[in-house]
Amino acid sequence: MADYLSIDTDLIVFDGECVLCSGFFHFMLRHDRDQKFLFATAQSPLGQQLYTLLNLPTDEFETNLVIVKGKVHQNLDAFAAAMRALYGPWRVLSLCRYLPRFLKNPLYRMIARNRYALFGRRDECLVPDPSLRSRFAQDGF
């Protein structure tokens, strides 16, 4: 798996059909004051390209991707990388990256596998309204 990609912008790729993942997107949109991140849905051509490149399934998106300075973060480490980029009290949540892998990976996978049952699923992939389009990455990198 590629740990680094030649991508110039910080990017969050999320499941646009998952209510929890879309909630994470909206949270980041509100709290990313410096507009550090661009976004893409996993279902978009760019999302599909990244999941393929990383040898991840392109039909079941059990991890968000957070790419910071070309470094790819997955699972709970992706959440931690996103929180680390924020200001204020949210940064403390980045400490979850220090949890031991034997604990954080199964915990993340359990939530990811059951996210639709726990939080719901949209009938259609999230489509940004015109005011948000500038925060979405163009396809390809």
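Check the entry above for the structure.
Attention in this report is confined to the structure presented alongside it. (Residues numbered from 1 in each chain as written. Predicted model: local features only at pLDDT ≥ 70, side-chain atom pairs only at ≥ 80, totals over all residues. Heavy atoms only, no water.)

### Structural notes on the nonpolar core
Counted only if it meets this: Here, nonpolar core means buried Ala, Val, Leu, Ile, Met, Phe, Trp, Tyr and Cys residues that are tied together by side-chain atoms lying within 4.5 Å of each other. Three exposure classes are used, based on accessible area relative to the maximum for each residue type with a 1.4 Å probe and protein chains only: buried under 20%, partly exposed in between, and exposed over 50%. Helical segments are the DSSP runs of H or I of at least four residues, strand segments are the runs of E of at least two, and each set is numbered from the N terminus. We call two residues in contact when some of their heavy atoms are within 4.5 Å.
Of all hydrophobic cores here, the largest spans 20 residues; its most connected members are Ile 12, Met 28, Phe 39 and Val 66. Broken down by secondary-structure element, the contributors of at least two residues to this core are β1 (10-14), α1 (19-31), β2 (37-41), β3 (65-68) and α3 (75-84). Tallying contributions element by element places α1 first for this core, with 6 residues. If we skip the residues at most four places from it in the chain, Met 28 touches Ile 12, Phe 37, Phe 39, Ala 82, Met 83 and Leu 86. Counting 16 residues, the second-largest nonpolar core is a separate cluster that includes Tyr 51, Leu 54, Leu 56 and Ala 137.

### A short note on the environment of Phe 24
Mapped onto the elements, Phe 24 comes out in helix α1. Through-space distance from the C-alpha of Phe 24 to that of Pro 100 is 23 Å; in sequence the pair is 76 residues apart. Here Phe 24 is in contact with Ile 12, Asn 64, Phe 79, Ala 82 and Met 83, once residues within four sequence places are set aside.

### A word on a nonpolar patch on the surface
The following threshold applies: Patch membership requires over 30% relative accessible area and the absence of a salt bridge. Like charges are linked within 9 Å, and nonpolar side chains (Val, Leu, Ile, Met, Phe, Trp, Tyr) within 5 Å. Where accessible areas are quoted, they stem from the Shrake-Rupley method and a 1.4 Å probe; at the residue level, only the protein chains shown are allowed to cover. Salt bridges, as used here, are contacts in which a Lys or Arg side-chain nitrogen is within 4 Å of a carboxyl oxygen on Asp or Glu.
The grouping of Val 19, Leu 20, Leu 107, Met 110, Ile 111, Leu 118 and Phe 119 at the surface amounts to a nonpolar patch, some 600 Å² of accessible area in total. Among the elements of the structure, α1, α4 (101-113) and α5 (115-119) are those that each provide at least two residues to the nonpolar patch. Here the nonpolar patch gets 3 residues from one element, more than from any other, and that element is α4.

### Looking at the pairing of β2
Just so we agree on the cut-off: DSSP bridges decide pairing: two strands pair if at least two such bridges lie between them. When the strands point away from the viewer, a crossover counts as right-handed if the path from the first strand over the helix to the second runs clockwise.
Extensive coverage of β2 is indicated by the burial of 4 of its 5 residues. Where β1 and β2 come together, 5 bridges link them in parallel fashion. Note that in β2 the partner of Phe 14 across the bridge is Thr 41. With α1 bridging β1 and its parallel neighbour β2, the resulting β-α-β unit is right-handed.

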